[in-house]
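# A structural walkthrough
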Amino acid sequence: MDAIKITLESELKKAFSIRKEVFVDEQGVPLEDEFDKFDTLEGPALHILVYYQDQAVGTGRIRWADSVGKLERICILKPYRQFGLGKVIIKALETIAKEQGTSQVKLHGQIQAEGFYKKLGYYAASDVFMEDGIPHLLMKKELSAEPL
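Attention in this report is confined to the structure presented alongside it. (Residues numbered from 1 in each chain as written. Predicted model: local features only at pLDDT ≥ 70, side-chain atom pairs only at ≥ 80, totals over all residues. Heavy atoms only, no water.)

Once that is clear, we can look at the overall build of the chain. Scanning the chain for helices and strands turns up four helices and eight strands. For the chain, the N- to C-terminal ordering of α and β elements is β-α-α-β-β-β-α-β-α-β-β-β. Since a compact globule built from 148 residues should have a radius of gyration of about 15 Å, the 14 Å found for the chain is in line with a globular shape. If you line up the chain on its principal axes, its C-alpha atoms span 35 × 30 × 30 Å. Within the chain, the proportion of its 148 residues that are buried is 45%. Roughly 7,800 Å² of accessible area belongs to the chain as shown, and the carbon and sulfur atoms make up 51% of that amount. Charged side chains of the chain number 20 positive and 23 negative; the gap between the two group centres comes to 4 Å. (Helix = DSSP H or I, 4+ residues; strand = E, 2+ residues; numbered from the N terminus. Rg over C-alpha atoms; globule rule 2.2 N^0.38 Å. Buried < 20%, exposed > 50% of the residue type's maximum accessible area, 1.4 Å probe, protein only. Areas by Shrake-Rupley, 256 points an atom, 1.4 Å probe, with all protein chains shown as cover. Lys, Arg positive; Asp, Glu negative; His and termini not counted. Charge placed at Lys NZ, Arg CZ, Asp CG, Glu CD.)

Quick look at unusual backbone geometry now. Comment: phi is negative for the bulk of residues other than glycine, and the bulk of peptide bonds are trans. Even without being a glycine, Asp54 presents a positive backbone phi close to 65 degrees. Counting through the fold element by element, Asp54 comes out in the loop between β2 (46–52) and β3 (55–65). The phi dihedral of Arg73 falls on the positive side, at around 55 degrees, and the residue is not glycine.

This brings us to the packing of aromatic side chains. For the structure on display, the rule yields six aromatic pairs. Aromatic pair Tyr52 and Phe83: ring centres 4.3 Å apart, planes at 15 degrees, arrangement stacked. Separated by 31 residues along the polypeptide, Tyr52 in strand β2 and Phe83 in the loop between β4 (68–76) and α3 (85–99) bring together distant segments of the chain. Since its relative accessible area comes to 17%, Tyr52 is described here as buried. Residue class for Phe83 comes out partly exposed when judged on its relative accessible area of 30%. (Phe/Tyr/Trp six-rings, centres within 6.5 Å; stacked < 30°, edge-to-face > 60°.)

What follows is the structure, given as structure tokens:
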């Protein structure tokens, strides 16, 4: 289980393929809503891939809004969800945030994943809202007290 920062177009394509399978095909998010201006190697977002047995099976990205790291597009292919890879993705994105000097991160977590995020130190910071037809919560976490 390794997380890598995406630096090659071929890696970014793997991330896009994973996101399409999870968000578009499985969860019904419209294709035009899933991909945006932050989906480039040169943009303000940093993307990661997570590997399990040498296969790319999960992804996520982080970008900055008002000096807060926003974790986005976190997903894992369905057959690999029982191996703790979600935690690997979150920790890798948090490490990137800390390396960039960011002390707080936030995300729009699907309601079904609220317990998962709470176990990792996130707290709900909003009422439930709809995003792409799926109920979400704004969740936040302070990073300053944790070592790199």
